[in-house]
Number of protein chains: 2
Amino acid sequence: MVFEKVLSTINKHNLIESGDKIVIGISGGPDSVCLLHILSRLKDKLDIELYAAHLNHQIRGIEAQKDALYVSDICDKMGITYFLKSIDVPKYCEDNNLSIEEGARKLRYEMFDEIKQKTKSNKIAVGHNLNDQAETILMRIMRGTGLQGLRGIEYARENGVIRPLLDIERKDIEEYCEVHNLNPRIDESNLENIYTRNKIRLELIPYMKDNFNTNLIESIVRMSNNLRSDSDYIESEAKSEFKNICKVTSDTVDIKINDFSKLHNAIKVRILREGIKSILGDTNFIEQKHIEDIIGFESESKINKMLTLPRGVFVYRKQDCITLTTTEIVIEDIDFLYNIPSNGFVKIKEVNTIIETQTMTIDRYKSGKVDKMSRGFDLNKIKGGMVVRSRQQGDKIKLAGGSKKIKDLFIDLKIAREERCKVPIISDEQGILQVGQYKSSENYKIDEKTKEVLKVTFKKL
Amino acid sequence: MVFEKVLSTINKHNLIESGDKIVIGISGGPDSVCLLHILSRLKDKLDIELYAAHLNHQIRGIEAQKDALYVSDICDKMGITYFLKSIDVPKYCEDNNLSIEEGARKLRYEMFDEIKQKTKSNKIAVGHNLNDQAETILMRIMRGTGLQGLRGIEYARENGVIRPLLDIERKDIEEYCEVHNLNPRIDESNLENIYTRNKIRLELIPYMKDNFNTNLIESIVRMSNNLRSDSDYIESEAKSEFKNICKVTSDTVDIKINDFSKLHNAIKVRILREGIKSILGDTNFIEQKHIEDIIGFESESKINKMLTLPRGVFVYRKQDCITLTTTEIVIEDIDFLYNIPSNGFVKIKEVNTIIETQTMTIDRYKSGKVDKMSRGFDLNKIKGGMVVRSRQQGDKIKLAGGSKKIKDLFIDLKIAREERCKVPIISDEQGILQVGQYKSSENYKIDEKTKEVLKVTFKKL
C-alpha cells in the first residue's frame, strides 16, 4: 500500500521523470530509509539513477558513527552509490552565529547541492511525511501565517527538491520498514526546531486527536491541499497582473497606478510582494504593515510622497505610478533667473523654453488670435523689472479664491516633485504674474480700464 | 479604547448606517451588555434606533430569572425598549430531536427575527468577540475546513446580523464592563457547543499560548483577516465566471463545458458548489469527493454519463454542457417500424421525417445531381423487403474498418443519448443499409458491377 501510494504521489505531482538523477538525503531514520528503499525498487521502472547522501552532524557522538555505518551498509546492500560527510555542526553554528537548526539545515543542503553537482544529478529527494506536513501547518497557524504558508511543505520545489513520502503517515512508514526488515536508526533528520516539533508531535496533536477529532492529521492535510489549489490560482492571477502593469529593471519596479487601483486587495498585496522580491530576491522583514502602507499610496493626495521600507527599499508615489527601488531618487534642483524685456525674448536653457514678450494696445491685443501658449497682462499694473525664474520657497500667487502657495498649487495640479523646479515663474518686483502655462495672477488681470497689454508667449524648444 | 475600536470596526465594515433599527441580542453576560452599552452611547451619533431581546432558555432555573431581571433593569436604565421571552429549550430540543446547541440557536434567531419584524428593524447585533473568533477558527481547523471556513465568524451577514465586538478581546470587554459599572451576569450566550468551546478556551488556547506563541489569538485572527480578503477575491471571480458560463433555471444549471474546462480548479470547484446551491439552496451533504467526480465529467469520453449526488441532484454530461438538475432526465424511447416500397415514400411521423425511394439505372443515377440528403445502394445486393425503424439493441453496420456496433457509432458521432432513438435506420432482411444521414454500409455499396440503384432520400418535415 505504501509503495503504491508513493508511486501515485510521484505521478500526481510529476515528481520524477524518466532519466532523472536523484540525490536522496538519508539520515538513517525510518523516513529516509523507506524513501531510499522505495526509490530503489522504482529505479528500473522509472528509469532513474540514484545516489545517497548522509551528513554526520557530530551532535550525537558514537551514535552518529553508527548512523553512518548503517547508511553505508544499507546502500551497499541496495547497490546505491553513497556519499558520507562529517561536519562539526555545533562549532560551525557557533562560528557563524546560527541556531543549530539553521546551521544543520544550511550545511545539509550545501552538501546535497555539492553531491548534486558532482553526480550531475537534477533532483534531491527528502523524506518528509504526512505527519510532518500536519505538524508544520499547525506550527505555522500558531505562529501566524497566510494562504501561502497554509500550503505547508511543497511536494516539489523549483530548486529540484522533491518529497515523495508527503502523503504517507509516519506509522505506515514505520510499518513498511518493519515489513522489509530495514531496521532504521532513530530518526534525527528533523533537527530543525526539534523542541517545538516534539511538543507538537507528542503533546499537542495527541491532545487534539483525543478531544476534538481523531482524524486530525487527515483533516489538516486535506485543508492544506484544498488551500494549495486556491493559493495556486491567486498566485498565478497575481503573476499575470504583475507582468501586465509593472515595469521591472534591475533595481526598480514601476507599478502603473491606474491599473493597480482597479485590482482586488488580494492581488495588490501579492503584486507588491512580487515587486519587492524582484529587487531584493526575497521579502524577508517586509511585513503586512509595510504592504498596507504602500497600498495607502494609491490615493491621489499622496502624490510625491516617499516611504522607506526595511532593507533599503524606497517607495515613491509618482504621478502615474508607484515606484519601488533600492536607489533613492535624488531630486535635482534646477535653478534659473533671467530678466525679461518688455519687447523681446528670453531663452531659458535649463528647461529648453523661450519666453517672448510684446507690448501692445488693448485693441490690438483683442483683435489678435487666441493662443493657448500666450497670456495677456495689464502693463500698467506691472511694477518695476520683470524676471522669469524657478520657484522659491514661500512663493505665492493671487488667484480668484485668494492667495495660494505655489507648493499647494503644484500639488493640486498633480505636478511631480521632480518637475516642479522646471516650471518658469514670471514675477515683477511686487509678486508673481504667472506660473508656467498653468495659472495667471488676479492682480495683473486685463480689465475694462486696461489700455496697454503685455503679451507673454511660452515656446518649447 | 474599546469604545473607539468598536466604532472603527463599525466604520471599517460598514456595519451600521444612519437610520438603522437594530435588535440587540442580550444574554446578560459581559459581551452583550458591553455591546448594548456601546451602541446606546452611539445612538445619537449614528442616528439609530435600538431594541434589546432576551431569551430565557429555562436551562439555568432561578439564575435564568435573575438574568432576565438584570436585563430589564439595565435596559430601563439606558432607556432601551426590551423584549423578554421564555421558552423551555430542553423540551423543545427533545420534541424536535435537536441538540441543545442547535435548538437554542434556532429559537434565539427565531425570536430575533420575530422582534425584528415587530419593531420594523433591519439589523440584529450580537456580541461575538475576538476570542470567540480565534476559538471558532481553531475548532474549524481541527475538524477540517476550507478557505471559506477560515474566514471565521463574519462581521456582517446578508441576513442583517452584525458583530461590532469582533475585534475586541474578551478581557477588554470585561474591563469595559467593570469601568462602567455594568455588573454583567455570567455569560451563557455561548450555549452552542459549550463543551468543545470550553475545552478550546480553557485548555487548548492557554497551552498553545504558553508553549508556542503568547500572541496566539492575534496571530490567528490576523491570518483569518488576510484569508478573508483572498477568499473574497476568489469568490467574486468565481461568481462572475458562474454568470458567464452557466444558464440557470429553477431546477437546472447548464454549465458550458468548453469554457468550464479552461478554468482553474479553484474556480471550477466554486462554480459547481454555486450551481448546486442555486438549485438546492445550500450545499449541505455535498462533499469534496462529489465535486471532484463532477469535474471528472469534463472528459469527452464521459459524454452521456450520469451521476447521482445526495439530496437528489442529477449530473448529466451532455455534448456541450454539464447539467446539474433535480429533475431526472427520462429518455423517452421512441419506437417505430415501417416497410419501405422500392419506389415511393414512407412518412415517419414519430420523428417528422419522410423517406423517399426511387429505383433507377446506374447511368441515370450517375447523371443525376449529387444531393447531401440522398444515398445510393446497389439494388441487386438488397435481400428481401426493406424497413425503416428505430435502433435495436445489438444493431451493427459494416463499415470500411469492419463491423461496428451502432451504439459505438453513436458515441463516436457524439449523438446525445436522448437523440439516438430518433435516428432512422434502414435495413433489409440481412442487415443495415444506412444509419440516418450519417453512415452507409459497405455491403450495399455501388461498384463497377452495379446495374440498378436504389436511391434513398431523407426529408425533414
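Quantities reported herein were computed from a predicted structural model and do not represent experimental measurements. (Residues numbered from 1 in each chain as written. Chains lettered and ligands numbered in written order. Predicted model: local features only at pLDDT ≥ 70, side-chain atom pairs only at ≥ 80, totals over all residues. Heavy atoms only, no water.)

### Focus on the sheet that holds strand 20 (residues 439–440) of chain B
The pairing of strands in a sheet comes from backbone hydrogen bonds and takes either a parallel or an antiparallel form.
All names here are of chain B.
Then, in step 1: Pairing within the open sheet is antiparallel, and its 5 strands lie in the order 11-15-18-19-20. Looking at the sheet topology across the chains shown, the edges are occupied by strand 11 (337–340) and strand 20.
Then, in step 2: Judged from the 4 bridges that link them, strand 11 and strand 15 (residues 386–389) form a sheet pairing that is antiparallel. Across the sheet, the residue bridging to Asn-339 is Val-387, located in strand 15. (Pairing = 2+ DSSP bridges. Helix = DSSP H or I, 4+ residues; strand = E, 2+ residues; numbered from the N terminus.)

### A word on the domain arrangement of chain A
Then, in step 1: Domain parsing of chain A yields domain 1 (2–212), domain 2 (235–325) and domain 3 (337–460).
Then, in step 2: Relative placement of domain 1 of chain A and domain 2 of chain A: their C-alpha centres are 37 Å apart. (Domains from an automatic or database assignment.)

### Quick look at the relation of the copies chain B and chain A
The two chain copies are related to each other by a rotation about an axis together with a translation along it.
Then, in step 1: By a simple turn and slide, chain B fits onto chain A: the slide is 0.6 Å along the axis, the RMSD is 0.7 Å, and the turn is 179°. The operation mapping one copy onto its partner corresponds to a two-fold rotation axis. For chain B, the minimum C-alpha distance to the rotation axis belongs to Ile-234 of chain B and amounts to 3.4 Å.
Then, in step 2: A share of 100% of the interface residues of chain B reappears at the interface of chain A, consistent with the copies meeting face to face through the same patch. (Least-squares fit on C-alpha atoms with pLDDT ≥ 70 in both. Contact = heavy atoms within 4.5 Å.)

### Section: the packing of aromatic side chains
Then, in step 1: Under the defined criterion, the tally for this structure stands at 7 aromatic pairs over all chains.
Then, in step 2: Pairing Tyr-207 of chain A with Phe-212 of chain A gives two aromatic rings, centres 6.0 Å apart and planes at 75°, and the pair type is edge-to-face.
Then, in step 3: With 6.4 Å between their ring centres and 55° between their planes, Tyr-51 of chain B and Phe-83 of chain B make a pair best called tilted. Here the residue Tyr-51 of chain B occupies a position in strand 2 (residues 49–56), and Phe-83 of chain B occupies one in strand 3 (residues 81–86), the gap between them amounting to 32 residues.
Then, in step 4: One cation-aromatic arrangement involves Arg-41 of chain B over Phe-3 of chain B; the distance from NZ or CZ to the ring centre is 3.8 Å.
Then, in step 5: If you follow Lys-268 of chain B out to its NZ or CZ, it ends over the ring of Phe-260 of chain B, 5.8 Å from the centre. (Phe/Tyr/Trp six-rings, centres within 6.5 Å; stacked < 30°, edge-to-face > 60°. Lys NZ or Arg CZ within 6 Å of the ring centre and 35° of its normal.)

### With respect to a positive patch on the surface
Then, in step 1: Positive charge collects at one region of the surface, where Lys-305, Lys-396, Lys-405, Lys-407 and Arg-417 of chain A lie side by side.
Then, in step 2: Within the element layout of this structure, Lys-305 of chain A appears in the loop between helix 13 (288–296) and strand 8 (306–309). (Patch = residues over 30% accessible without salt bridge, like charges linked within 9 Å, V, L, I, M, F, W, Y side chains within 5 Å. Areas by Shrake-Rupley, 256 points an atom, 1.4 Å probe, with all protein chains shown as cover. Salt bridge = Lys/Arg side-chain N within 4 Å of Asp/Glu carboxyl O. Lys, Arg positive; Asp, Glu negative; His and termini not counted. Charge placed at Lys NZ, Arg CZ, Asp CG, Glu CD.)

### A few points about the interface of chain B and chain A
Then, in step 1: Between chain B and chain A, the residue contacts involve 37 residues of the former and 37 residues of the latter.
Then, in step 2: Between chain B and chain A, the buried area comes to about 3,200 Å², and carbon and sulfur atoms account for 66% of it.
Then, in step 3: In terms of surface lost to chain A, no three residues of chain B exceed Met-142, Phe-212 and Tyr-233 of chain B, which account for 23% of the buried area on that side.
Then, in step 4: Our count for the chain B to chain A interface comes out at 2 salt bridges.
Then, in step 5: Between Asp-230 of chain A and Arg-270 of chain B there is a salt bridge, with its nearest N and O atoms 2.8 Å apart.
Then, in step 6: At the boundary of chain B and chain A, one finds 11 residue pairs in polar contact (both at pLDDT 80 or more).
Then, in step 7: Those elements giving two or more residues to the side of chain B that touches chain A turn out to be helix 6 (130–143), helix 7 (147–150), helix 9 (194–211), helix 10 (216–245) and helix 12 (265–280) of chain B.
Then, in step 8: Among the elements that line the side of chain B that touches chain A, the one with the most residues is helix 10 of chain B, at 12 residues.
Then, in step 9: For the side of chain B that touches chain A, a count of residues per class yields 18 nonpolar, 12 polar and 7 charged. (Buried area = accessible area lost by both parts, 1.4 Å probe. Polar contact = N/O pair within 3.5 Å; in protein donor to acceptor, adjacent residues only side chain to side chain. Nonpolar A, V, L, I, M, F, W, Y, C, P; charged D, E, K, R; others polar.)

### Details of the environment of Phe-410 of chain A
Residue and element names in this part refer to chain A.
Then, in step 1: Counting through the fold element by element, Phe-410 comes out in helix 15 (residues 406–412).
Then, in step 2: Relative accessible area serves as the criterion here: at 1%, Phe-410 is assigned to the buried category.
Then, in step 3: Taking C-alpha positions, Phe-410 is 33 Å from Ser-278, a pair spaced 132 residues apart along the chain. (Buried < 20%, exposed > 50% of the residue type's maximum accessible area, 1.4 Å probe, protein only.)

### Comments concerning unusual backbone geometry
Then, in step 1: The phi dihedral of Phe-285 of chain A is positive, around 70°, even though this residue is not glycine.
Then, in step 2: Phe-285 of chain A sits in the exposed class, given a relative accessible area of 65%.
Then, in step 3: For Asn-181 of chain B, which is not a glycine, the phi torsion comes out positive at approximately 50°.
Then, in step 4: Using a relative accessible area of 61% as the deciding quantity, one classes Asn-181 of chain B as exposed.

### Description of the packing of helix 1 (residues 2–12) of chain A against helix 2 (residues 30–46) of chain A
Residues and elements named next belong to chain A.
Then, in step 1: Packing of helix 1 against helix 2 brings their axes to within 11 Å, and their N-to-C directions diverge by 65°. Accordingly, the angle class assigned to the pair helix 1 and helix 2 is roughly perpendicular. Every pair of crossing elements has a handedness; the one defined by helix 1 and helix 2 is right-handed. Contacts between helix 1 and helix 2 pair Val-2, Phe-3, Val-6, Leu-7 and Ile-10 from the former with Cys-34, Ile-38, Leu-39, Arg-41, Leu-42, Lys-45 and Leu-46 from the latter.
Then, in step 2: A per-class count over the contact of helix 1 with helix 2 returns 10 nonpolar, no polar and 2 charged. (Axes fitted to C-alpha atoms, helices over the stretch in contact; angles between N-to-C directions. Parallel < 35°, antiparallel > 145°, perpendicular 65-115°, else oblique. Left-handed = near helix turned anticlockwise from the far one by under 90°.)

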